[in-house]
Structure formats: C-alpha cells, structure tokens
Amino acid sequence: MLNELVNRSRALPASAKVLILGGGYSGRMLAALLRRLGNTVLCTRRDQSRPDADLLFDSDRDLLPQPDALQGITHLLSTIPPSPEGQDPALHCLRSQLESMPLQWVGYLSTTGVYGDTQGNWVRETDPARPGQARSRRRLDCEEAWRDSGLPIQILRLPGIYGPGRSVLNTVQEGRARRIDKTGQVFCRVHVEDIAGACLHLMHRSQEGLHPAIVNVVDDEPAASTELLDHACALLGRNAPETETFEQASLQMSAMARSFWSENRRVSNHLLRDGLGYDLLHPDYRVGLQDCLKQDVSPSSPA
C-alpha cells in the first residue's frame, strides 16, 4: 500500500520541484508518494476537471503550461505516449522550456516492448532493441529523441502495469476473464507502486552518481496469464473459467490483443535490484495481487 511505500522512501531535498507530464495512473502514483513525503509536485493533465490537474498540457489542442508555472523544476517524469507519427509530444512542444530548467534528473516511461520477441528468453538493458510492433517502434523513436536531447535523461522500460482497480482481480469480478493457454508464453508485469518507488529511488541514485541510461522496471517473476488468473480466482474464492487454447481464443481477439500474444520475453530487473539497490515492494504477482485485493476493498490510491 502507499503507506508502506511512503514509510520506506526518502524525500527529495526541500529545494526539489518535480514536474510530471501526464498525470495518469503511474504519474499520479508518483505524485501521491512525493506529496506524502513533503515534496513539491506539479502534474499535467489534458482536462482541468481531472484529478491532479495542476497544469494543462494537450499537444493535440495546443494547450501548453505557462512558462512561469514551470520555473525551478529540478526533476521531470514524462509518461506521455508517442504521437501516431512517433513524435514525442513533450519534446515537440516544450523542448525550449525544458532546456531552460535546472533539471537534475529526467525520466521517460517507455516499454519493454522495444525488445521485441525473444521467444521467451531473458533480456537485459544491454541487449539490442528490436521492436516488432509499430507501437514499440514509436516508443523507440521517442527514446532516441530523449537521448539526443542533451537533458539528464533516464529511460525506464516498463512491462504490463497493474495495481488497485486495474488488475486481473477486477477482470474476474467483472466476468471478463478468459483462461487462455499458450504453451511456453509468459508475460512480465510491475505493480504501479513499484513504478513510483523506482522513480524516486533512481532520482536519489542519480544524484549519487549512478545514472545508467536505461533501466528495466519489472518484477522478479515473468509468469503465464493462466497462472495469474488461477491465483486471482483463488484469492476471490471463485472457480477459474474454462481453458481455451490460444488458437481458439485468437479467432475472437482484436488485432491489438493478438499482437500482445505474438511476443514472448522474460525481462531482467538485475540492474534495478542488484546494480542500483531497489527493493521491490511487490516482487511477484502473488504479493501484488494480495495488495490489490486489500486496496480494492479499502481504496487509498490514485485511480
């Protein structure tokens, strides 16, 4: 839970001022953590009516934060996805402002999809990016744009994100769960609280001189979706749905869903854990889903 994450985290210096571009699920979790620790945080959203809409930023409608609102920003996290053309909206619209900030750390949330299909083999940050999906190629284009920006950038590659209100538990409760079996297929994942915790940890480590260009932010245990679903059903006291083969299920899948199943990889977190010393709050899906179950009953985290 967020309380546990707060208790084991260390605030940034009082002089720090953090800007989160894109206050969605992951961005708001980091904002909540930092605010609980007493740090100053600003979040951008595309709609003023949304929670944590401290500043408006919508590149599609040319809504940009006022320059005076961005004065003194020392740490920046961008969660904003690429445009359909593979352009990064933050760099495209705000680059001159970003270059004028006293930035000590810049994080960009990318995807482990840039590694492409490894047929279930392990990949690390030193392995080449070979994206097979168009959306992953767009992410890699944005990664390269950030690396070429001259800013103190760190690329965080994320797998599937889950957490309170957004887990297989909710899929089961809503009657949407399907038990699809594809031999040898695994997926990697990370709890949203560990994204926030890792971001803050990386800010501190960067200040201490440890600033690798790319970091995989994933949990310890890639696992089959059937394994995850069975555990969720056990936690909820429900029977798992009937098993479908992937060949059967794929006939009713959208093109997007089929594309997720077309790649199989195990992503290593060795650098994050052993190289940089981050201790995962939710090291595997069993711990993470137990936390989701508790928080879904007594919500305490950003939605």
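Here the structure is a predicted model, which means the values were calculated and not measured. (Residues numbered from 1 in each chain as written. Predicted model: local features only at pLDDT ≥ 70, side-chain atom pairs only at ≥ 80, totals over all residues. Heavy atoms only, no water.)

1. Some points on the overall build of the chain
Scanning the chain from N- to C-terminus turns up 11 helices and 13 strands. Radius of gyration (C-alpha) of the chain: 19 Å, near the 19 Å computed for a compact globule of 303 residues. C-alpha atoms of the chain, sized along the principal axes, occupy 55 × 40 × 40 Å. Considering the chain as a whole, with its 303 residues, one finds that 52% of them fall into the buried category. Accessible surface computed for the chain: about 13600 Å², of which carbon and sulfur atoms make up 47%. Once the 33 positive and 37 negative side-chain charges of the chain are each reduced to a mean point, those two points are 1 Å apart. (Helix = DSSP H or I, 4+ residues; strand = E, 2+ residues; numbered from the N terminus. Rg over C-alpha atoms; globule rule 2.2 N^0.38 Å. Buried < 20%, exposed > 50% of the residue type's maximum accessible area, 1.4 Å probe, protein only. Areas by Shrake-Rupley, 256 points an atom, 1.4 Å probe, with all protein chains shown as cover. Lys, Arg positive; Asp, Glu negative; His and termini not counted. Charge placed at Lys NZ, Arg CZ, Asp CG, Glu CD.)

2. Overview of helix 6 (residues 192–207)
Its 16 residues give helix 6 an end-to-end C-alpha distance of 23 Å, which sits within 8% of 22 Å, the value for a rise of 1.5 Å per residue. Buried residues dominate helix 6, accounting for 14 of its 16 residues. A positive backbone phi angle near 100° is found at Gly209, which sits one or two residues after helix 6. (Expected span 1.5 Å × (residues − 1).)

3. Regarding the pattern of salt bridges
What the rule picks out here adds up to 18 salt bridges. One salt bridge connects Arg28 with Asp52, and the closest N-O pair in it is separated by 2.7 Å. Of this pair, Arg28 sits in helix 2 (residues 25–36) while Asp52 is found in the loop between strand 2 (40–45) and strand 3 (55–56), placing the two residues 24 residues apart along the sequence. On the basis of relative accessibility, which here comes to 11%, the residue Arg28 falls in the buried class. Taking the relative accessible area as the measure of exposure, Asp52 reaches 24% and is therefore partly exposed. For Arg61, the salt bridge is made with Asp58, and the minimal N-O distance between the two is 2.8 Å. Look at Asp58 and you get buried, because its relative accessible area is 7%. Three or more residues joined by partner-sharing salt bridges are found here, namely Arg28, Arg35, Asp52 and Asp54. (Salt bridge = Lys/Arg side-chain N within 4 Å of Asp/Glu carboxyl O.)

4. Quick word on the side chain of Ser268
Within the secondary structure, Ser268 sits in the loop between strand 13 (266–267) and helix 10 (270–275). Among the residues examined, Ser268 registers a relative accessible area of 9% and is labelled buried. Setting aside anything within four residues of it in sequence, one finds Ser268 in contact with Trp122, Val123, Arg124, Glu125, Asn216 and Val218. (Contact = heavy atoms within 4.5 Å.)

5. A look at the packing of aromatic side chains
Pairs of aromatic rings are described using the distance from one ring centre to the other and the angle between the two planes. Overall, the coordinates contain three aromatic pairs when judged by the stated rule. Summarising the aromatic geometry, the rings of Phe187 and Trp261 are spaced 5.1 Å apart at their centres and angled 85° between planes, so their arrangement reads as edge-to-face. Placement of Phe187 in the loop between strand 9 (179–181) and strand 10 (189–191) and of Trp261 in helix 9 (residues 255–261) is noted, with a sequence separation of 74 residues between them. Trp261 sits in the buried class, given a relative accessible area of 11%. Arg286 extends its terminal NZ or CZ atom over the ring of Tyr285, reaching a point 4.7 Å from the ring centre. (Phe/Tyr/Trp six-rings, centres within 6.5 Å; stacked < 30°, edge-to-face > 60°. Lys NZ or Arg CZ within 6 Å of the ring centre and 35° of its normal.)

6. Some words on the environment of Gly237
Within the secondary structure, Gly237 is located in the loop between helix 7 (225–236) and strand 12 (243–245). For Gly237, a relative accessible area of 67% puts it in the exposed group.

7. A look at helix 11 (residues 285–297)
With 13 residues, helix 11 ought to run about 18 Å at 1.5 Å a step, and its terminal C-alpha atoms sit 18 Å apart, in line with that. Where helix 11 is concerned, the buried positions are Tyr285, Gly288, Leu289, Asp291, Cys292 and Gln295. One face of helix 11 carries all of its buried residues, which in axial projection span an arc of 155°. Close packing links the buried residues of helix 11 with helix 1 (2–7), strand 8 (160–162), helix 5 (168–173), strand 10, helix 6 and helix 7. N-cap assignment for helix 11: the residue whose side-chain oxygen lies 2.9 Å from the backbone N of Arg286 is Asp284. (Arc of directions from axis to C-beta. Polar contact = N/O pair within 3.5 Å; in protein donor to acceptor, adjacent residues only side chain to side chain.)

8. Things to note about the packing of helix 7 against helix 11
The contact between helix 7 and helix 11 brings their axes to 11 Å, and the two run at 40°. When the interaxial angle is binned, helix 7 and helix 11 end up oblique. At the point where helix 7 passes helix 11, the crossing takes the right-handed sense. Together, Glu227, Leu228, His231, Ala232, Leu235 and Leu236 of helix 7 and Tyr285, Arg286, Leu289, Gln290 and Leu293 of helix 11 make up the contact between the two elements. Taken together, the residues of the contact of helix 7 with helix 11 break down into seven nonpolar, two polar and two charged. (Axes fitted to C-alpha atoms, helices over the stretch in contact; angles between N-to-C directions. Parallel < 35°, antiparallel > 145°, perpendicular 65-115°, else oblique. Left-handed = near helix turned anticlockwise from the far one by under 90°. Nonpolar A, V, L, I, M, F, W, Y, C, P; charged D, E, K, R; others polar.)

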